[in-house]
Amino acid sequence: MEKVVIIGTGCAGLTAALYTARANLNPLVLTGMMPGGLLTTTSIVENYPGFPEGIDGYELMTRMQKQAERFGARVKFGTVEAADLAKEPFVLTVDGEPVETETLIIASGAGHRHLGLDSEDKLERKGVTYCATCDGALPIFRNQPLVVVGGGDSACEEAMYLTRFGSVVWLVHRRDSLRASKIMVERTLAHTKVKPIWDSVVTEILDVKQDKVTGVRLKNVKTQKESLVPCAGVFVAIGHLPNTQLFQGVIDMDDNGYIIPRKGTMTNIPGVFVAGDCSDHVYRQAVTAAGLGCAAAIDVERYLAARNE
């Protein structure tokens, strides 16, 4: 039986792994569907302390994993399909196999929020994408007009990245000003290739019949006027949804699915802790996720110590 299992290998999960490993708890860390978490899709991370020149997101996560493994953390590629938290030890089903554990840290992060359009689903990976750094350099996007949907830091980062490849980057936002940080707004709007389209939403992505993206149909939310913008790619950057569906009805969550911690990082189930973007809908930064991973590991260590006294 495991002393502690950690679900997720983003900043929260790997920091929790580092701390629990150094406490000789020999943690088992499960990668889930996206090893390294969303940060692996970021080309350059400029705001993680200790890297004055910035660092590639994938490299940062690889370093974190190696650091945790150095102290005995075991990182296993696997997805949790079910979790029985009704009794102790907890039983997780990981790729069909049962795993028993005394404690659990949920650091499953968040995934990309979708627009919810039928045409969006049908054209995903055919010009519709949720990660500019993953897909922006593809030949189908080079020297073509591109559309980014969103108004936060992520949308600004996507737009700036795409200026390297697209002929023009249309930044579509439902409001009349961006809600990104001031430095990102200034940097984005100053770029000659970025053209904002305010007060507008995407109502359809064209063209399903051609099986590729040829443009978007927009509606101005103030005037209700519709327009067409030709483009070869649509990059959706409208926020994230926490990866917590597995625990719905068992662990306390808010209306958006974010896990609500009780005392420190503990959930409503003793022995189950939470860290990172699956519980944090306010800050959602790599450094805060890492901090919460550290806190969860310390809480686990103290919980196990108190049980064994």
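Since the structure is predicted, the reported quantities are computational estimates derived from the model, not experimental observations. (Residues numbered from 1 in each chain as written. Predicted model: local features only at pLDDT ≥ 70, side-chain atom pairs only at ≥ 80, totals over all residues. Heavy atoms only, no water.)

Topic: the overall build of the protein chain
Regarding its fold elements, the protein chain presents seven helices and 17 strands. Computed over C-alpha atoms, the radius of gyration of the protein chain comes to 21 Å, within 12% of the 19 Å expected from 2.2 N^0.38 for 309 residues, which places it in the range of a compact globule. Along the three orthogonal principal directions, the C-alpha set of the protein chain runs to about 70 × 40 × 30 Å. Counting all 309 residues of the protein chain, 48% fall into the buried class. By sequence separation, contacts in the protein chain at least 24 residues apart represent 58% of the contacts at least 6 residues apart. Here the protein chain has roughly 15,300 Å² of accessible surface; of this, 50% comes from carbon and sulfur atoms. (Helix = DSSP H or I, 4+ residues; strand = E, 2+ residues; numbered from the N terminus. Rg over C-alpha atoms; globule rule 2.2 N^0.38 Å. Buried < 20%, exposed > 50% of the residue type's maximum accessible area, 1.4 Å probe, protein only. Contact = heavy atoms within 4.5 Å. Areas by Shrake-Rupley, 256 points an atom, 1.4 Å probe, with all protein chains shown as cover.)

Considering the packing of helix α1 (residues 11-22) against helix α7 (residues 286-307)
It is at 7 Å that the axes of α1 and α7 come closest, and there the two elements cross at 35°. The element α1 and its partner α7 pack so that their crossing is right-handed. Of the residues in α7, those touching α1 at Cys11, Ala12, Thr15, Ala16, Tyr19 and Thr20 are Ala286, Ala289, Ala290, Gly293, Cys294, Ala297 and Ile298. When grouped by side-chain class, the residues that make up the contact of α1 with α7 number 10 nonpolar, three polar and no charged. (Axes fitted to C-alpha atoms, helices over the stretch in contact; angles between N-to-C directions. Left-handed = near helix turned anticlockwise from the far one by under 90°. Nonpolar A, V, L, I, M, F, W, Y, C, P; charged D, E, K, R; others polar.)

Remarks on a positive patch on the surface
A cluster of like positive charges, contributed by Arg113, Arg174, Arg175, Arg179 and Arg284, occupies part of the molecular surface. In this structure, Arg175 sits in the loop between β10 (168-172) and α6 (182-190). Here Arg175 falls in the partly exposed class, since its relative accessible area comes to 44%. (Patch = residues over 30% accessible without salt bridge, like charges linked within 9 Å, V, L, I, M, F, W, Y side chains within 5 Å. Salt bridge = Lys/Arg side-chain N within 4 Å of Asp/Glu carboxyl O. Lys, Arg positive; Asp, Glu negative; His and termini not counted. Charge placed at Lys NZ, Arg CZ, Asp CG, Glu CD.)

Considering the sheet that holds strand β9 (residues 145-149)
Taking strand neighbours across the sheet as the criterion, the five strands line up as β8-β15-β9-β10-β11 in an open arrangement whose pairing is parallel. Of all strands in the sheet, those with a lone pairing partner are β8 (128-129) and β11 (194-197), marking the two edges. Its contacts with the sheet put helix α5 (residues 153-162) on β9, β10, β11 and β15 (233-236), and the angle it makes with β9 is roughly 170°. (Pairing = 2+ DSSP bridges.)

Some words on the packing of aromatic side chains
Taken as a whole and judged by the stated rule, the model has four aromatic pairs. Between the NZ or CZ atom of Arg22 and the centre of the ring of Phe71, over which it lies, the distance is 5.3 Å. (Phe/Tyr/Trp six-rings, centres within 6.5 Å; stacked < 30°, edge-to-face > 60°. Lys NZ or Arg CZ within 6 Å of the ring centre and 35° of its normal.)

Structural notes on the pattern of salt bridges
Per the counting criterion, the structure on display carries 13 salt bridges. Between Asp211 and Lys126 there is a salt bridge, and its shortest N-O distance comes to 2.9 Å. Note that Asp211 is positioned in the loop between β12 (200-206) and β13 (215-220) and Lys126 in the loop between α3 (118-122) and β8, a separation of 85 residues in sequence. Ionic contacts of the salt-bridge type, sharing partners, join the residues Asp176, Asp199 and Lys222 into one network.

A look at the sheet that holds β12
The three strands lie next to each other as β12-β13-β14, forming an open sheet whose pairing is antiparallel. Strand pairing shows two members of the sheet lacking a second neighbour, β12 and β14 (226-230), which therefore form its edges. Ignoring which end each strand starts from, the neighbouring axes of this sheet average 30° apart. Pairing of β13 with β14 involves five bridges; the strand directions are antiparallel. Within β14, the position partnered with Arg217 by the bridge is Leu228.

Here we look at unusual backbone geometry
That bond from Glu88 to Pro89 is cis: its omega, -5°, falls within 30 degrees of zero. With an omega dihedral of 10°, the bond running from Leu206 to Asp207 counts as a cis peptide bond. Positionally, Asp207 belongs in the loop between β12 and β13. The phi dihedral of Gln224 falls on the positive side, at around 65°, and the residue is not glycine. Inspection of the secondary structure assignment puts Gln224 in the loop between β13 and β14.

What to know about the pairing of strand β6 (residues 97-106)
Bridge count for strand β1 (residues 2-7) against β6 is five bridges, and the pairing is parallel. Its bridge partner lying in β6, Glu2 is registered against Thr101. As paired elements, strand β5 (residues 90-94) and β6 share five bridges and run antiparallel to each other. Counterpart to Phe90 in the pairing with β6 is Thr101. Between the antiparallel neighbours β5 and β6 lie two residues, among them Asp95 with a positive phi of about 50°. The sheet contact formed by β6 and strand β17 (residues 272-274) spans three bridges and is parallel. The partner of Leu104 across the bridge, within β17, is Val272.

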